[in-house]
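# Analysis of the macromolecular model
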Amino acid sequence: MRLAQPFWLILLAFAALPLVRERLRGRTAWPSLAPFGGGGAGASPWVWVAWLPAALQGLAIAATAVALARPQAIGGVVRIASQGVAIMVAMDQSSSMSTVDFPADLDSRRISRLEAARETFARFVAGRRDDLIGLTAFANYPDLACPPTLDHRFLLEAAAAVRPARPGDDGTNIGDALAWSLEALRRAAPAKKVLILLTDGNDAPAVPNPLNPDRAAALARDLGVTLHTIAVGREGGVVHGLDKAGRPVLAEREGPNVELLERLAATTGGRSFRANDADALDAVFRTIDSLEKSRIRDEVRTRYDERFAPWAAAAVGLLTLDRLLTCGRLRRLP
């Protein structure tokens with residue numbers, strides 16, 4: 001509780017004036033047979049409360065003084081600016097991210113790669129309340145799901161809405177995803193900027209003139225952005241195996257291009273990580289969280305709720321009661 005204009009409390013000094021006036025006012029004796037004995041009926045009980053109107057007036061003055069001082073209670077605190085780290089996460093949403101191969105807990109329950117990425121991202125955001133964080137979802141085309149913001153509730157809602165790409169948009173366009181994320185970071189205020197690329201595939205866009213990922217990494221370096229990469233799932237490449245007849249076969253297995261991701265991160269001085277399950281992915285984000293720290297400078301705004309109305313109502317009620325009493329048995333003449 002606080003007073004917005006406490007100087008009005010000086011009016012409290014006048015609260016005693018009605019009682020002083022009542023004490024000093026002149027009185028006229030009414031004719032009475034009391035001196036002759038036996039003729040009086042005793043003092044009326046109203047005599048003992050004759051001071052009540054003056055007391056009500058004094059209390060009304062005091063309540064008015066408090067109301068004018070505007071008592072306020074804290075209604076909430078809103079962060080309106082922060083100078084932490086600006087972080088963009090480029091999250092792969094290609095169809096391969098719907099593969100259900102991530103162990104999630106001790107009972108061997110498995111979840112999809114995309115679901116694991118969303119849950120881990122939510123925990124990462126919860127631990128960085130002072131940082132501007134944004135999200136780009138990408139498959140064949142990138143989509144800025146949320147620019148860097150302090151409104152983390154909206155950010156998490158946008159992340160929860162990310163779904164695997166439809167067949168017509170399936171692909172992995174890493175270069176354009178990095179470019180879109182860099183554009184969002186370029187507009188952010190904090191000096192320290194970080195880009196996290198999370199993907200389970202190789203760069204395989206099906207769009208005309210896609211940006212080369214190495215060129216995108218060079219742009220990040222020129223903009224002073226640190227790029228960390230996370231390879232999700234098993235590494236792709238040629239798989240050696242046997243068919244049902246026992247004959248050797250060669251098969252191409254899709255997966256993240258670890259060599260490319262390591263090269264992209266190294267270009268900006270970042271780090272490249274591997275994650276084959278939910279726990280490993282969580283550990284990767286904790287490592288990145290410990291790496292990317294910055295001195296926080298906050299600007300907050302406190303919202304106050306006015307509490308003068310009850311005091312103003314009390315003053316009006318006290319004066320009303322005073323008028324009712326002085327119009328009745330406690331009426332004074334003149």
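As shown above, the structure is provided for reference.
Presented here is an overview of the structure given in this document. Everything quoted here is computed from the prediction, not taken from an experiment.

### As for the overall build of the protein
Within the protein one finds nine helices and 13 strands. Sequence-distant contacts in the protein: of pairs separated by 6 or more residues, those separated by 24 or more amount to 77%. On the protein, roughly 19100 Å² of surface is accessible, and the fraction owed to carbon and sulfur atoms is 57%.

### Thoughts on the packing of helix H5 (residues 174-186) against helix H6 (residues 213-222)
It is the contact of H5 with H6, at a shortest axis distance of 8 Å, that shows an interaxial angle of 20°. Comparing the axis directions of H5 and H6 gives the class roughly parallel. In the crossing of H5 with H6, the sense of the turn from one axis to the other is left-handed. Side by side, H5 and H6 meet where Ile174, Gly175, Leu178 and Leu182 of the first sit next to Pro213, Ala216, Leu219 and Ala220 of the second. Residue composition of the contact of H5 with H6, grouped by class: seven nonpolar, one polar and no charged.

### Observations regarding the sheet that holds strand E9 (residues 225-232)
Ordered by their spatial adjacency, six strands build an open sheet running E7-E6-E3-E8-E9-E12, and the pairing between neighbours is mixed. The strands lining the two open edges of the sheet, one partner per strand, are strand E7 (142-149) and strand E12 (272-275). Taken pair by pair, the neighbouring strands of this sheet meet at an average axis angle of 15°, ignoring direction. Bridge analysis of strand E3 (residues 86-92) against strand E6 (residues 132-138) gives seven bridges, and the strand direction is parallel. In the strand pairing of E6, Ile87 is matched with Ile133. Most of the contacts of helix H7 (residues 258-268) go to E9, to which it runs at about 165°, and overall it touches strand E8 (193-199), E9 and E12.

### Some remarks on unusual backbone geometry
Of note, the phi angle at Arg70 is positive, near 55°, even though the residue is not glycine. Here Arg70 shows up in the loop between helix H2 (52-68) and strand E2 (71-82). Positive phi values are uncommon outside glycine, yet Asn209 reaches one of about 55°. Relative to the helices and strands, Asn209 resides in the loop between E8 and H6.

### Topic: the pairing of E3
The element E3 is extensively covered by neighbouring structure, given that seven of its seven residues are classed as buried. Here E3 shows two buried faces, one formed by Ala86, Met88, Ala90 and Asp92 and the other by Ile87, Val89 and Met91.

### Examining the nonpolar core
Counting residues in each nonpolar core, the largest one holds 33 residues, and the members touching the most others are Ile87, Phe121, Leu135, Ile196, Leu198, Ile230 and Leu281. At the level of secondary structure, the elements contributing two or more residues to this core comprise E3, helix H3 (113-126), E6, helix H4 (152-160), E8, E9, E12 and helix H8 (278-291). Broken down by element, this core gets its largest block of residues, six residues, from H3. Among residues more than four places away in sequence, those in contact with Leu135 are Met88, Val89, Met91, Phe121, Asp143, Leu144, Ala145, Cys146, Leu155, Ala158, Ala159 and Val162. Counting residues in each nonpolar core, the second largest holds 23 residues, with Leu178, Leu195, Ala216 and Val258 among its members.

Parameters at a glance
Residues numbered from 1 in each chain as written. Predicted model: local features only at pLDDT ≥ 70, side-chain atom pairs only at ≥ 80, totals over all residues. Heavy atoms only, no water. Helix = DSSP H or I, 4+ residues; strand = E, 2+ residues; numbered from the N terminus. Contact = heavy atoms within 4.5 Å. Areas by Shrake-Rupley, 256 points an atom, 1.4 Å probe, with all protein chains shown as cover. Axes fitted to C-alpha atoms, helices over the stretch in contact; angles between N-to-C directions. Parallel < 35°, antiparallel > 145°, perpendicular 65-115°, else oblique. Left-handed = near helix turned anticlockwise from the far one by under 90°. Nonpolar A, V, L, I, M, F, W, Y, C, P; charged D, E, K, R; others polar. Pairing = 2+ DSSP bridges. Buried < 20%, exposed > 50% of the residue type's maximum accessible area, 1.4 Å probe, protein only. Core = buried A, V, L, I, M, F, W, Y, C linked by side-chain atoms within 4.5 Å.

Purely spatial values, then, with no claim about function.
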